[in-house]
Amino acid sequence: MPQHQDFRQYFATQPGLIHLNNAGLSPINRPAEEIVHHWVQRYRLEGMFCNDAYLEAVDAARQELADFLDADSGSIAYFPCTSGAISQVAFELGLKPEDEVLMWDQEYGSNLYPWQEACHRSGARLVLAKSGPDLATPSQTLLNLISSKTRVIAISWVQFQSGAVTDLEPLVARAKQQNIWTVVDGIQGIGVREFSFRKSGLDVLVGGSHKWMTAPVGVGYLCIRGERARQLRPHSIGASTYGTCDDPTDLSCVPKQDALRFESGSKQVLEIVALGASARMIHSLTPEAIGRRSLALAQSLVDGLGTLGYQVAHSNGPKQATPIVNFVPGPTSALKDLDAITHALQKNKISYARRGSGIRLSPHAHNCEEDIEEALRVLGGLSRRRL
């Protein structure tokens, strides 16, 4: 059985819905759902008597995510969301007035706003690199803007509206030469693109549970190199910053030395164990195989949109590099404006996102060819077939 069929078997969505906004919120997979039910039941039946067991489950999920990212478990800290992880770095890096933070001009708000505010509070300068045609993000543009004042390169690996991919390797090589922090938001790539934190050379990777990871909304993570973790003060402080909730209070306490120093207290257990289950499943099937299937569906979508007269943003060249497809009406398309497109998609129960100047569709490997055909049928001015 092809691996994309293996991936599809882990999903059971409501009939009649077509999920083409997986870059926004994907349906969750069965292993994630099952482990959430398991722990809800244990909390209901056992209460405090499962306290040690749930802490062990969180540790196991941390290890599962670490294995998936090719990192050490001690390099991972959990947060309520991805922006929480970004804020930990942005506000505790110790930016100074002469420092510069380098980002793309199309960054999503949850990445942009923490750095903007950190620069505002510290007097540092936010430098926004201008995207290329079709919102392309060539690493050379960033390299050209690096100066002696650059303290941080804080970018998304894959951009949320266009799917544009930035080649991280030359940025990391240059950053190491100048002791520049590299902080990358990977949420739009992790799960459908191969990635190794160990091999990447990045200082920090942040991400989240939903989108391509197909786990419930509600947990972000920070993956950080050990020496960098020790250079950051914890942004939030609690018992878990220093030890466990059962440790006696000690005014001479010292923060933990690994990434766990950034987790101040109680964990969002259900979301964390679900993310661990998703990471284990995707790891076993491989992001490379899942991504290959997702890209094939995205390419079918792009080809069909072109035939229908729509204009597609090709930020990575003629072939899809990610499953994110952004398009606008063309002179010969059946639907002539964005409002008409969104109305048609909503009426036919096809999920989408309105991003930038266009419409974003983002198939995942749990989709099938029929989903793409139905979307193209609707965008061609026809109603969906009722099967």
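Cut-offs and rules
Residues numbered from 1 in each chain as written. Predicted model: local features only at pLDDT ≥ 70, side-chain atom pairs only at ≥ 80, totals over all residues. Heavy atoms only, no water. Salt bridge = Lys/Arg side-chain N within 4 Å of Asp/Glu carboxyl O. Helix = DSSP H or I, 4+ residues; strand = E, 2+ residues; numbered from the N terminus. Buried < 20%, exposed > 50% of the residue type's maximum accessible area, 1.4 Å probe, protein only. Pairing = 2+ DSSP bridges. Axes fitted to C-alpha atoms, helices over the stretch in contact; angles between N-to-C directions. Contact = heavy atoms within 4.5 Å. Disulfide = S-S within 2.5 Å. Polar contact = N/O pair within 3.5 Å; in protein donor to acceptor, adjacent residues only side chain to side chain. Core = buried A, V, L, I, M, F, W, Y, C linked by side-chain atoms within 4.5 Å. Phe/Tyr/Trp six-rings, centres within 6.5 Å; stacked < 30°, edge-to-face > 60°. Lys NZ or Arg CZ within 6 Å of the ring centre and 35° of its normal. Expected span 1.5 Å × (residues − 1).

Trainee: How would you summarise the pattern of salt bridges if you had to cite specific residues and measurements?
Mentor: Overall, the coordinates contain 15 salt bridges when judged by the stated rule. The partner of R198 in a salt bridge is D72, with the nearest N and O atoms 3.3 Å apart. Pair noted here: R198 is in helix α8 (residues 197-200) and D72 is in the loop between α3 (51-69) and β1 (76-79), with a separation of 126 residues, a long-range link. For R198, a relative accessible area of 43% gives the class partly exposed. When salt bridges with common partners are traced through the structure, they connect R62, E263 and K267 into a single cluster.

Trainee: Give a detailed account of the sheet that holds strand β6 (residues 204-208), specifying residues and quantitative values.
Mentor: With mixed pairing, seven strands are arranged side by side in an open sheet as β1-β7-β6-β5-β4-β2-β3. This sheet does not close on itself; its edge strands, each paired only once, are β1 and β3 (125-129). Neighbouring strand axes in the sheet, compared pairwise and without regard to direction, differ in orientation by 20° on average. As paired strands, β6 and strand β7 (residues 220-224) are joined by five bridges and run antiparallel to one another. Its bridge partner being in β7, V204 is matched across the sheet by I224. Running over the sheet, α3 touches β1, β6 and β7 and is turned about 115° from β1.

Trainee: Tell me about the state of the cysteines, and please be specific about residues and values.
Mentor: A complete count under the given rule lists zero disulfides for this structure. Cysteine C81 shares no disulfide, and the gap to the nearest cysteine sulfur, in C223, comes to 17 Å. Since its relative accessible area comes to 0%, C223 is described here as buried.

Trainee: Quick rundown of the side chain of Q106? Include the residues and the values.
Mentor: Within the secondary structure, Q106 sits in the loop between β2 (100-104) and α5 (109-122). At 2.8 Å, the side chain of Q106 forms a polar contact with the backbone oxygen of L135. Separated by 3.4 Å, the side chains of Q106 and S162 make a polar contact. Sequence-distant contacts of Q106, defined by excluding residues within four places in its chain, comprise S131, L135, A136, T137, Q159, F160, Q161 and S162.

Trainee: Pulling in residues and values, what's your account of the nonpolar core?
Mentor: Residues L65, L69, Y78, I190, L205 and Y221 are the most contacted members of the largest nonpolar core, which totals 57 residues. When residues no more than four places from it in sequence are discounted, the contact partners of I190 are F68, L69, W157, F195, L205, W212, M213 and Y221. Among the nonpolar cores identified, the runner-up in size contains 27 residues, and V89, A118, V206 and A259 belong to it.

Trainee: Got a sec to walk through the packing of aromatic side chains? Specific residues and values, please.
Mentor: The full count for this structure, using the stated rule, is six aromatic pairs. Centre to centre, the rings of F7 and F11 are 5.0 Å apart; their planes meet at 55°, and the pair counts as tilted. In this structure, F7 and F11 share a single accessibility class: buried. With 6.1 Å between their ring centres and 50° between their planes, W39 and Y43 make a pair best called tilted. Of this pair, W39 and Y43 are both found in helix α2 (residues 30-46), four residues apart, which corresponds to roughly one turn of the helix. In textbook terms, an aromatic cluster arises when at least three aromatic residues are bridged by ring pairs, as seen for W39, Y43 and Y54. In this structure, R225 is placed above the aromatic ring of F197, and the distance from its NZ or CZ to the ring centre is 4.7 Å.

Trainee: Can you lay out α3 for me, pointing to particular residues and giving the numbers?
Mentor: The end-to-end C-alpha distance of α3 is 27 Å, a good match for the 27 Å that 19 residues give at a rise of 1.5 Å each. Those residues of α3 that sit buried are N51, Y54, A57, V58, A61, R62, E64, L65, A66, F68 and L69. Directly after α3, the chain includes D70, whose backbone phi takes a positive value near 60°.

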